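# Observations on the model geometry
So you can see what is in the structure, the chains are spelled out below.
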Amino acid sequence: MSTLTVDGLTVGYGDGAPVLDGLDLEVPDGAVVALLGANGAGKTTLLRAVAGLVPARGGRVLLDGADLGGLRAEDRVRRGLGLVPEGRGVVAELTVAENLRLGALWRHRGSARTAAVDAQYELFEPLARRRDALGHTLSGGERQMLALARALVAEPRVLLLDEPSLGLAPLVVADLLGVLRRTAERTGLTVLVAEQNVTSALSVADRGVVLSLGDVVTDRPARDLAADPALRHAYLGF
Amino acid sequence: MDRLVFLVAAGLAHGAVLALFAQSLVIVWRANRVINFAQAALAVVAVYAALAVTAVSGSWWLGAFAGVVAGGLLGAAAERGPMRLVPTHTPLPGIIVAIGLVMILQAGLAIAFGPEYQPVPAPLSERPFVLAGIPVLSPYDLLVLVVAGLVMAALALGFTRTSLGLQLRAAAFAPETARLLGVRVSRMITLGWMLSLATAALAGLLLVPTELGLHPHALDGLFVQAFAVAVIGGLDSPAGALLAGLLVGVLVSLVSGYLVAAAAPLAVLALLTLVLLVRPGGLFSAAKERAA
Ligand SMILES: Nc1ncnc2c1ncn2[C@@H]1O[C@H](COP(=O)(O)OP(=O)(O)O)[C@@H](O)[C@H]1O
Ligand SMILES: [Mg+2]
């Protein structure tokens, strides 16, 4: 559907050394790319900078060739860039239905909004049963489901996910990543998913990109990374 | 018995105004996590504007409308101006700037309109109806109760049932997540301040005819009592502000009626202390949810 290009992106916190220094990355139209790397490698920083939550010191972020620089996070969302943040960001004080409606607000009007929300209930059965429950009463798996559904309801062109498997049971992870993969295949959605759960991420991704100390150290087909013990050992430490 | 009925009825009317003003503090608190200490000074400016329009047009209603609009504009100006510039990671800078704003506004009003009380006539009679020999509410008290009740109901419905209300709540509870869902959070905060000050201006307008009249400090007492009401109700809770407002209104009326008026502030303070000892988050706090 759309291509995300990161070109020479430099990001840092305060006046410390940059966490990302001139990082280049391309996520082509319709690809599912796994963003791998140890804790502190800069995965979250990269996703937040692309989303506009952390200011960049230099470089560009392009969506289908259009520079997103200078746009605030809320306006990047309206250009078709979705982010499911680390820790999921379900609004605890709002119900499942309100969280979903909020995600759909800017994208759909009137009855189309209701239809879009209902389509997510069909995709995520358990949410339909808990539609009037407050966010803070949901289980970890339900929260992640809600966060994903809430991002998808806005029909993004490019979806960024930050460690969706964090704290979830393996079966739940497989379920969620399966939905993600099928949605990407059905709609042509472009996905960049940061994960520490390397095996799960590579099982649904086309490509694996490994970050280390704020730079891309390798970028290969997911199958090769998952299958080649030498590569795994060199870049992923197992 | 007669006296009790009269005092409770009068207390409810005053309590409705308190609840309305407390509501305005709750709205800003929810939007921004700040207590606006300049709320009374900003609201009193709007009341001056309202009475100026009433004086020119001869219509109290037109003046009231102008006052509410002026309150909204002042809210936007305060938030976009000084409040946005102060750091928000600790409460102190905001409080200091607000107090500075209070001094400027009140001194400015005193210079422009003089330091005397200007009597403000009520738009309806303040003579109580007599029911079965007992004087109860006046027509003006009834107007106050109805207007305050309608406005609070409209606010509650607006916040819980409309898309705009959903965005206002999301922006207040989880600003970053709201931005990721395309909510224009900074606009929502400004809007929260506008709603808040329009509400505060209305409360001030309803109050002045029942007291000494208009004066740069005319709403200071209202702010102090409403602040206590908001804290007793739980700061985060519109329903808490309503119930605590009525409770404090009746308490003040009973203490003033049976003891002396001077004891009323002490009674409010005692109630506040008691509530904070038993339930530190206020009677209707929602602190549990955020912690989860
Ligand atoms: N808010 C922050 N302030 C200062 N430093 C931060 C902040 N967030 C992350 N960092 C630093 O940036 C580096 C990359 O962190 P992060 O992007 O969270 O990595 P990852 O998501 O890959 O674990 C780390 O060294 C971390 O300490
Ligand atoms: Mg991270």
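One numbering rule holds for all chains: residues counted from 1, following each sequence as written. Lettering of chains starts at A and numbering of ligands starts at 1, both following the order in which they are written. The predicted origin of the model limits local features to residues at a pLDDT of at least 70 and limits the giving and counting of side-chain atom pairs to 80 or more, whereas totals for whole chains, interfaces and linings rest on all residues. To get the side-chain values, take all heavy atoms of the structure and skip hydrogens and water.

With an unreviewed UniProt entry as reference, chain B is termed Branched-chain amino acid ABC transporter permease, source organism Myceligenerans salitolerans. UniProt positions are given in the numbering used here, feature names are shortened, and annotations may be inferred rather than shown by experiment. Here chain B is described in UniProt, under the heading Sequence similarities (unreviewed entry), as follows: "Belongs to the binding-protein-dependent transport system permease family. LivHM subfamily." Per UniProt, the comment on chain B under Subcellular location (unreviewed entry) is "Cell membrane".

Going by the annotation in an unreviewed UniProt entry, the name recorded for chain A is ABC transporter ATP-binding protein, with Myceligenerans salitolerans given as the source organism. Heading Sequence similarities (unreviewed entry) of the UniProt record for chain A holds this comment: "Belongs to the ABC transporter superfamily."

### Considering a nonpolar patch on the surface
Residues form patches when they are more than 30% accessible in relative terms and have no salt bridge. Like charges link within 9 Å. Nonpolar side chains (Val, Leu, Ile, Met, Phe, Trp, Tyr) link within 5 Å. All accessibility values rest on the Shrake-Rupley procedure with a 1.4 Å probe; residue burial counts only the protein chains present in the view. When a carboxyl oxygen of Asp or Glu lies within 4 Å of a side-chain nitrogen of Lys or Arg, that pair is called a salt bridge. A surface patch of nonpolar side chains, about 550 Å² in accessible area, is lined by M1(B), L4(B), Y258(B), L259(B) and V260(B). The topology assignment puts Y258(B) in helix α10 (residues 238-258). A run of H or I in DSSP counts as a helix once it spans at least four residues, and a run of E counts as a strand once it spans at least two, with each numbered from the N terminus.

### As for the packing of helix α9 (residues 220-233) of chain B against α10(B)
Residues and elements named next belong to chain B. Where α9 meets α10, the axes come as close as 8 Å, and the angle between the chain directions of the two elements is 130°. Relative to α10, α9 is oriented oblique. Regarding α9 and α10, the two cross each other, and that crossing is right-handed. In contact with Q225, V229, I232 and G233 of α9, α10 contributes G240, A241, A244, G245, V248 and V252. Note on geometry: axes are C-alpha line fits, over the in-contact stretch for helices, and angles between N-to-C directions span 0 to 180 degrees. Orientation is classified from the angle alone, with under 35 degrees giving roughly parallel, over 145 giving roughly antiparallel, 65 to 115 giving roughly perpendicular, and any other angle giving oblique. Helix crossings get a hand from a simple test, with the near helix turned counterclockwise from the far one by less than a right angle marking a left-handed crossing and a clockwise turn marking a right-handed one. A contact between two residues is defined here by any heavy atoms of the two lying within 4.5 Å.

### Considerations on the sheet that holds strand β7 (residues 158-162) of chain A
All names here are of chain A. Two strands are said to pair when DSSP picks up at least two bridges between them. Spatial ordering of the open sheet is given by β6-β7-β8-β3-β9-β10, a layout of 6 strands whose pairing is mixed. Strands at the two margins of the open sheet, each flanked by one partner only, are β6 (81-84) and β10 (215-221). Going across the sheet, the axis of each strand differs from the next one's by a mean of 15°, ignoring polarity. In this structure, strand β9 (residues 207-212) lies alongside β10, joined through 6 bridges in antiparallel fashion. Within the sheet, the bridge partner assigned to R207 lies in β10 and is P221. Packed onto the sheet, helix α1 (residues 43-51) meets β3 (32-36), β6, β7, β8 (190-194) and β9 and runs at close to 145° relative to β7.

### Considerations on helix α8 (residues 185-207) of chain B
Helices are assigned an expected span. That span is 1.5 Å times one less than the residue count. For α8(B), spanning 23 residues, the distance from its first C-alpha to its last is 33 Å, which sits close to the expected 33 Å at 1.5 Å a residue. Summary of the burial criterion: residues with accessible area below 20% of their type's maximum are buried, those above 50% are exposed, and those between are partly exposed, where the area comes from a 1.4 Å probe applied to protein chains only. Judged by how many residues are buried, α8(B) sits mostly within the fold: 18 of 23 residues are covered.

### Considering the site of ligand 1
Residue and element names in this part refer to chain A. Around ligand 1, the structure places Y13, V19, A38, N39, G40, A41, G42, K43, T44 and T45. Counted as a polar contact is a pair of N or O atoms within 3.5 Å, where, for protein atoms, one must be capable of donating a hydrogen and the other of accepting one, and residues adjacent in sequence contribute only when both atoms are in side chains. The backbone of A41 places a nitrogen or oxygen atom 3.3 Å from an oxygen atom of ligand 1. Contact distances for ligand 1 include 2.8 Å between an oxygen atom and a backbone N or O atom of K43. In the complex, the protein chains occlude 56% of the 560 Å² of accessible area that ligand 1 would expose alone. Each residue gets one label: Ala, Val, Leu, Ile, Met, Phe, Trp, Tyr, Cys and Pro are nonpolar, Asp, Glu, Lys and Arg are charged, and the others, such as Gly, are polar. Looking at the shell around ligand 1 residue by residue, the class counts come to 4 nonpolar, 5 polar and 1 charged. We call a residue near a molecule or strand when any one of its heavy atoms sits within 4 Å of it.

### Describing the UniProt feature "transmembrane region" (unreviewed entry) in chain B
All names here are of chain B. On the UniProt side, "transmembrane region" (unreviewed entry) is annotated at positions that read residues 6-27, 34-53, 59-78, 90-114, 134-159, 188-208 and 266-287 here. Helix makes up 100% of residues 6-27 and strand 0%, and the two end C-alpha atoms of the span are 32 Å apart. End C-alpha to end C-alpha, residues 34-53 measures 31 Å, and it is 75% helix and 0% strand.

### Digging into the confidence of the model for chain B
Residue and element names in this part refer to chain B. One number per residue, pLDDT, summarises how confident the predictor is, and it ranges from 0 to 100. Confidence along chain B averages 92 in pLDDT terms, with 98% of residues attaining 70 or more. Per-element confidence in chain B ranges from a low mean pLDDT of 47 for helix α12 (residues 287-291) to a high of 97 for α8. Residue range residues 288-292 is modelled with pLDDT below 50. Its contacts to residues more than four positions away, or to other chains, number 8 contacts.

### Re the packing of aromatic side chains
Only Phe, Tyr and Trp rings are paired, with Trp represented by its six-membered ring, and only when their centres lie within 6.5 Å; those with planes under 30 degrees apart are stacked, over 60 edge-to-face, the remainder tilted. Tallied over the full model, the rule gives 5 aromatic pairs over all chains. Here F223(B) and F227(B) contribute two aromatic rings whose centre-to-centre distance is 6.0 Å and whose plane-to-plane angle is 10°, an arrangement assigned as stacked. One end of the pair is F223(B) and the other is F227(B), both in helix α9 and 4 residues apart, which spans about a single turn. Classification of F227(B) by relative accessible area gives partly exposed; the value is 27%. Taken together, F37(B), F223(B) and F227(B) form an aromatic cluster joined through their ring pairs. Whether a charge lies above a ring is judged from NZ of Lys or CZ of Arg, which has to be within 6 Å of the ring centre and within 35 degrees of the ring normal. Cation over ring: R131(A) sits above Y121(A), and NZ or CZ is 4.1 Å from the ring centre.

### A closer look at the environment of A77(B)
Relative to the helices and strands, A77(B) is located in helix α3 (residues 60-85). Separated by 116 residues in sequence, A77(B) and W193(B) place their C-alpha atoms 9.1 Å apart.

### Some thoughts on the sheet that holds strand β1 (residues 4-11) of chain A
All names here are of chain A. If you walk across this open sheet you meet the 4 strands as β2-β1-β4-β5, and the pairing is antiparallel. One side of each edge strand has no neighbouring strand; the edge strands of this open sheet are β2 (20-27) and β5 (66-67). Sitting on the sheet, α1 touches β1, β2 and β4 (58-63), and the angle it makes with β1 is about 110°.

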